[in-house]
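Structural characterization, general
Letter by letter, the chains look like this.
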Amino acid sequence: MPNLPDQALFSYIFQQANEACIVVSQDLIIQDINRKACQLISSGRDSLLGISLTSIECALQDIFFWDELNANPHLHISKVIESEWLTHNGTAIPIEKRVEGFQVENTQYWIIFAQDIRERNRIAQEQLSLSSQLQSSLEATAEGIMSIDQHGKLVNINRRLIEMWQLPEDLIVSGNPDAIMLHLQNSLDNADFLQKALSDINQDPEIETEITLQFKDGRYCVFNTKPEYLRDRLIGRVYSLRDITAMKKVEQDLVNALSLAEQAVQEKTFMLDALKMSESRLRRLINSSLIGICQGDMKGQLTLINDALVQLMGLTKADLIQYRLDWLTFTPIEFQQTHQTALQELKTKGQTAPFYAELIHKRGHNIPVMVGLAQLEGSEFEWVGFILDLTEQKKADRLKSEFISVVSHELRTPITSIRGAMSILEQGVAGELTPKALELVAIAHRNSKRLALLVNDILDMEKLLSGKMQFKSESFDLIQLAQQAIDTNATYASALQVSYQLAAHTRIHMVIGDAERTMQVFANLMSNAAKFSPKGEVVTIEISATQQHLRVEVKDKGPGIPAEFRNRIFSKFAQADGTNTRQQGGTGLGLAISKTIIEKMSGEIGFDSEVGKGSTFWFSLPRSHHTESSV
């Protein structure tokens, strides 16, 4: 080092500086180095003096950095760059260095001030990881979420909200919450509800609101807003949107089904009141569900669990601290394979479709839940899970089933009495009636039969859904059963001026299933075919064989099934003409019941139709291994 004025004072200050300092010549030979730099590199001062700086620096960008400085060796310049220094044992330490140049007797020198940035890098990485976890959780939730700050600036918005609000890309890029809210209002049938909520928020920024919005496209959503705080200081507001269209559809379907009974039996108004009360209870149970959130790895170890899930499983904070939580510990044996399968799907697809499972409560009982898993963004080994408690939903479903069963049974007795009385009057047993009175009695008799059919179908559907309907597994002759079905339903078809015919069929006859339930399927398909066939036409029944099944086809020459109705042909209460003036009767439950019966017997059911030319409804059942008979 050159002999500078007050060199002793300079050397003392240089050595006592809190920053690591190195003085190098223009050719990067170390002229002096202070105590802090020696500690950082884990080397002695004497071993470093006179060596090249390149033996310490190990970052590629340093080569270009020094080339640039030496190409322009101006005085009083200061440049900052991140680099890496090698310690005595070869470990690379990230640093931030600031370089300043000076001259002594026309000789150029550089002084390097360096700071260890390992801790700064660690904190930055933790913040990046936390941000990734929060964003993954935000994107994986079923709700649409948007947050704005106290100044009305858009802070975050997830993909679910963009899809639900159908936001254009230019509107998202603008980041203008007012414009986004205006777009939402233009999409609503009840925009005044939203305007009122936003007005209340403007008057009281700390208010919480929850309203139901109805979109012009028929969707229903719950719109919820809450203030956002940081250490008790209001910093913004969070908006969330939850789609409840499916629940609304269930409610509407239930109301429509019961309205049929209301038309026939007006005096049963107390049952409708009870139904409304049940619907209200069902809505409250569904709306009270809470979503649990957890984070884990591919081995099933849980690394994070939120308060909702803690409460759901009956755990305490002490349990979380004391034990390392394993997901399978809280999974019953019969659902552990389901969870393992979900983890495999997670590895290949990055997320899973929602699946049903059960969790073990701390007290030992099982909790029914719906589970969805998604990989954390940027990680192949961690996932986030959402757990929806289905306990209340299960209770509500049971109440609904019991209610429908009780109502249907209670209707059977008065309907049977009404049918008997109408039959007696129609036959003239109680005396001869005037033509007008006889016409009224005939109408009442037909309606009572229709109502009895509705009650029986509702009871059958309820038994199927609840698993109470018993099925035999026996071998029987399908050809013989088809002929019996033709004989049984011939009178019905004759009244419609239609006939049935068993066409050429396979020599293989025997199938496995329940003959009585299969006869019920025959009756449903054949009566439908007869109802929609023109007068004088023939409904044909064909039976063919495949390697594993026998297939039955019921063919008519009716008007066919409209394209817009085909995707719900097997739905409950489904009818192509839903008006009260439809020409053909029926409950709309026959095909739904038939589908469930066939699937319970390990078979398949479907249809083919061409508008204006007719329809073919078919079903198949497994072949029997018993000796086949022939005709």
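Right above here is the structure, for reference.
This write-up is about the structure you can find in this document. Everything numeric here is computed off the predicted structure, so don't read it as measured data.

**Section: the pattern of salt bridges**
Enumeration over the complete set of coordinates arrives at 18 salt bridges. The partner of E119 in a salt bridge is R122, and the shortest N-O contact between them spans 2.4 Å. Of the two residues, E119 and R122 are both situated in helix α5 (residues 118-140); the distance of three residues between them amounts to about one turn of the helix. You can call E119 partly exposed: its relative accessible area is 43%. Put simply, K613 and E610 hold a salt bridge, and the shortest N to O gap is 3.4 Å. For K613, a relative accessible area of 58% gives the class exposed. Shared partners join several salt bridges into a network, and the residues in it are E542, R551, E553 and K555.

**Side note on the environment of D217**
As for its placement among the helices and strands, D217 is situated in the loop between β8 (209-214) and β9 (220-230). Along the primary structure D217 and D189 are separated by 28 residues, whereas in three dimensions their C-alpha atoms are 8.9 Å apart. Polar contacts involving the side chain of D217 include one to the side chain of R219, which spans 2.9 Å.

**Side note on the sheet that holds strand β3 (residues 78-86)**
The five strands lie next to each other as β2-β1-β5-β4-β3, forming an open sheet whose pairing is antiparallel. A strand with exactly one partner marks an edge of an open sheet, and here the two such strands are β2 (30-33) and β3. On average, each strand axis in the sheet is tilted by 30° relative to the strand beside it, whichever way the strands run. The sheet contact formed by strand β4 (residues 92-104) and strand β5 (residues 107-116) spans 10 bridges and is antiparallel. Among the inter-strand pairings, V104 is bridged to a residue of β5, identified as T107.

**Quick word on the nonpolar core**
Ranked by internal contacts, the top residues of the largest apolar core, which has 40 residues, are F522 and F619. Within the residue set of this core, elements represented by two or more residues are α17 (478-495), α18 (515-531), β19 (538-545), β20 (549-555), α19 (590-600), β21 (604-610) and β22 (614-622). Those residues within four positions of F619 in sequence are excluded, and the remaining contacts are T518, V521, F522, L525, L550, R551, V552, I598, E604 and I605.

**Details of the pairing of strand β1 (residues 20-25)**
Most of β1 is tucked away: six of the six residues are buried. On β1, burial covers both faces: A20, I22 and V24 on one face and C21, V23 and S25 on the other are all buried. Relative to β5, β1 runs antiparallel, the two sharing six bridges. Across the sheet, the residue bridging to A20 is A114, located in β5. Where β1 and β2 come together, three bridges link them in antiparallel fashion. Looking at the pairing, I22 lines up with I33 of β2. Hairpin connection of β1 to β2: four residues between the antiparallel strands, including L28 at a positive phi of 70°.

**Focus on the environment of A529**
Of note, A529 is situated in helix α18. Classification of A529 by relative accessible area gives buried; the value is 2%. Spatially, the C-alpha atoms of A529 and T616 are 8.6 Å apart, while their sequence positions differ by 87 residues. In this structure, A529 is in contact with V539, V554 and D556, ignoring residues within four places of it in sequence.

**With respect to α18**
The end-to-end C-alpha distance of α18, which contains 17 residues, comes to 24 Å, matching closely the 24 Å that a straight helix rising 1.5 Å per residue would cover. Across the 17 residues that make up α18, a large majority, 14, are buried. For α18, the capping residue at the N-terminal end is D514, with a side-chain oxygen 3.0 Å from the backbone nitrogen of E516.

**Notes on the packing of helix α8 (residues 177-186) against helix α9 (residues 191-203)**
Closest axis-to-axis distance for the α8/α9 pair is 8 Å, and the angle between their directions is 150°. In terms of axis orientation, α8 runs roughly antiparallel to α9. α8 and α9 meet at a crossing whose hand is right-handed. Contacts from M181, L184 and Q185 in α8 reach A191, L194, Q195 and L198 in α9. Here the contact of α8 with α9 is composed, by residue class, of five nonpolar, two polar and no charged.

Rules used in this analysis
Residues numbered from 1 in each chain as written. Predicted model: local features only at pLDDT ≥ 70, side-chain atom pairs only at ≥ 80, totals over all residues. Heavy atoms only, no water. Salt bridge = Lys/Arg side-chain N within 4 Å of Asp/Glu carboxyl O. Helix = DSSP H or I, 4+ residues; strand = E, 2+ residues; numbered from the N terminus. Buried < 20%, exposed > 50% of the residue type's maximum accessible area, 1.4 Å probe, protein only. Polar contact = N/O pair within 3.5 Å; in protein donor to acceptor, adjacent residues only side chain to side chain. Pairing = 2+ DSSP bridges. Axes fitted to C-alpha atoms, helices over the stretch in contact; angles between N-to-C directions. Core = buried A, V, L, I, M, F, W, Y, C linked by side-chain atoms within 4.5 Å. Contact = heavy atoms within 4.5 Å. Expected span 1.5 Å × (residues − 1). Parallel < 35°, antiparallel > 145°, perpendicular 65-115°, else oblique. Left-handed = near helix turned anticlockwise from the far one by under 90°. Nonpolar A, V, L, I, M, F, W, Y, C, P; charged D, E, K, R; others polar.

Such coordinate-based values are descriptive only and should not be taken to indicate function.
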